[in-house]
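For reference, the chains in residue letters:
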Amino acid sequence: METRRDVFQAIADPTRRAIILLLAVTAMTPNALAEHFNSSRQAVSKHLQVLTECDVLTQEQQGREIHYHLNTAKMKEIEKWLEQFKQLLSQRFDQLDDVLKKLKADKK
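Anyway, here's the lowdown on the structure attached to this text. As the structure is a computational prediction, the values presented were derived from the model and not from experiment. (Residues numbered from 1 in each chain as written. Predicted model: local features only at pLDDT ≥ 70, side-chain atom pairs only at ≥ 80, totals over all residues. Heavy atoms only, no water.)

Ile-19, Leu-23, Leu-51, Val-56 and Leu-57 are the most contacted members of the largest nonpolar core, which has 20 residues in total. When contributions to this core are tallied by element, the ones reaching two or more residues are α1 (7-11), α2 (14-25), α3 (30-34), α4 (41-53) and β2 (65-70). Top element by residues in this core is α4. It accounts for 4 residues. In this structure Leu-57 touches Leu-23, Leu-48, Leu-51, Thr-52, Tyr-68, His-69, Leu-70 and Asn-71, once residues within four positions along its chain are discounted. (Core = buried A, V, L, I, M, F, W, Y, C linked by side-chain atoms within 4.5 Å. Buried < 20%, exposed > 50% of the residue type's maximum accessible area, 1.4 Å probe, protein only. Helix = DSSP H or I, 4+ residues; strand = E, 2+ residues; numbered from the N terminus. Contact = heavy atoms within 4.5 Å.)

In structure tokens, the structure reads:
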């Protein structure tokens, strides 16, 4: 399936994040996933479609049922981007700490 959505927009939704957590444990069908939410199976299917379109999930046909799996490669790609952002923020906070220490020392 073609990737048509922004992955961060897709995972911004709390229901989709919950689906990701469930699928991190085991592959599930839409019906099995819907049992965990107070929404219709159609609503869950829409969430699955969004996550599949941005390549977070993959589908596997098993007989008449479709099982959804977490795409760990895509999750690692997301983690890699977030790690770079985390390092940048850490550097900025370290710089802020240095400035605050200097200001505190200058006051004495």
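On to the packing of aromatic side chains, then. Counted according to the given criterion, the structure contains 2 aromatic pairs. Judged by centre distance (5.0 Å) and plane angle (50°), the rings of Phe-8 and Trp-81 are tilted. Here the residue Phe-8 occupies a position in helix α1, and Trp-81 occupies one in helix α5 (residues 72-107), the gap between them amounting to 73 residues. Overall, Phe-8 belongs to the partly exposed group, its relative accessible area being 32%. For Trp-81, a relative accessible area of 43% puts it in the partly exposed group. Considering the side-chain rings of Trp-81 and Phe-85, the 5.7 Å spacing of their centres and the 5° angle between planes classify their relative orientation as stacked. (Phe/Tyr/Trp six-rings, centres within 6.5 Å; stacked < 30°, edge-to-face > 60°.)

One way to put it is that α2 packs onto α4 with a least axis distance of 10 Å and a crossing angle of 80°. Of the possible angle classes, the one that applies to α2 and α4 is roughly perpendicular. Contacts between α2 and α4 involve Thr-15, Arg-16, Ile-19 and Ile-20 from the first element and Val-44, His-47, Leu-48, Val-50 and Leu-51 from the second. Here the contact of α2 with α4 is composed, by residue class, of 6 nonpolar, 2 polar and 1 charged. (Axes fitted to C-alpha atoms, helices over the stretch in contact; angles between N-to-C directions. Parallel < 35°, antiparallel > 145°, perpendicular 65-115°, else oblique. Nonpolar A, V, L, I, M, F, W, Y, C, P; charged D, E, K, R; others polar.)

On to α4, then. Counted at 1.5 Å a residue, the expected span for α4 with its 13 residues is 18 Å, and the 18 Å between its end C-alpha atoms agrees. Within α4 the residues assigned to the buried category are Val-44, His-47, Leu-48, Val-50, Leu-51, Thr-52 and Glu-53. Buried residues belonging to α4 abut α1, α2, α3, β1 (57-62) and β2. Two residues or fewer past α4, Asp-55 is found with a positive phi of approximately 75°. (Expected span 1.5 Å × (residues − 1).)

Below, the discussion takes up the pairing of β1. Where β1 and β2 come together, 6 bridges link them in antiparallel fashion. What sits directly across from Leu-57, in β2, is Leu-70. Counted between consecutive antiparallel strands, the loop separating β1 from β2 contains 2 residues, among which Gly-63 sits at a positive phi close to 70°. (Pairing = 2+ DSSP bridges.)

Judged by side-chain polarity, Phe-8, Trp-81, Leu-82, Phe-85, Leu-88, Leu-89, Phe-93, Leu-96, Val-99, Leu-100 and Leu-103 come together as a nonpolar surface patch covering roughly 1,000 Å² of accessible area. The biggest single contributor to the nonpolar patch is α5, with 10 residues. Note on placement: Leu-89 falls in helix α5. By relative accessible area, which is 36% here, Leu-89 ends up partly exposed. (Patch = residues over 30% accessible without salt bridge, like charges linked within 9 Å, V, L, I, M, F, W, Y side chains within 5 Å. Areas by Shrake-Rupley, 256 points an atom, 1.4 Å probe, with all protein chains shown as cover. Salt bridge = Lys/Arg side-chain N within 4 Å of Asp/Glu carboxyl O.)

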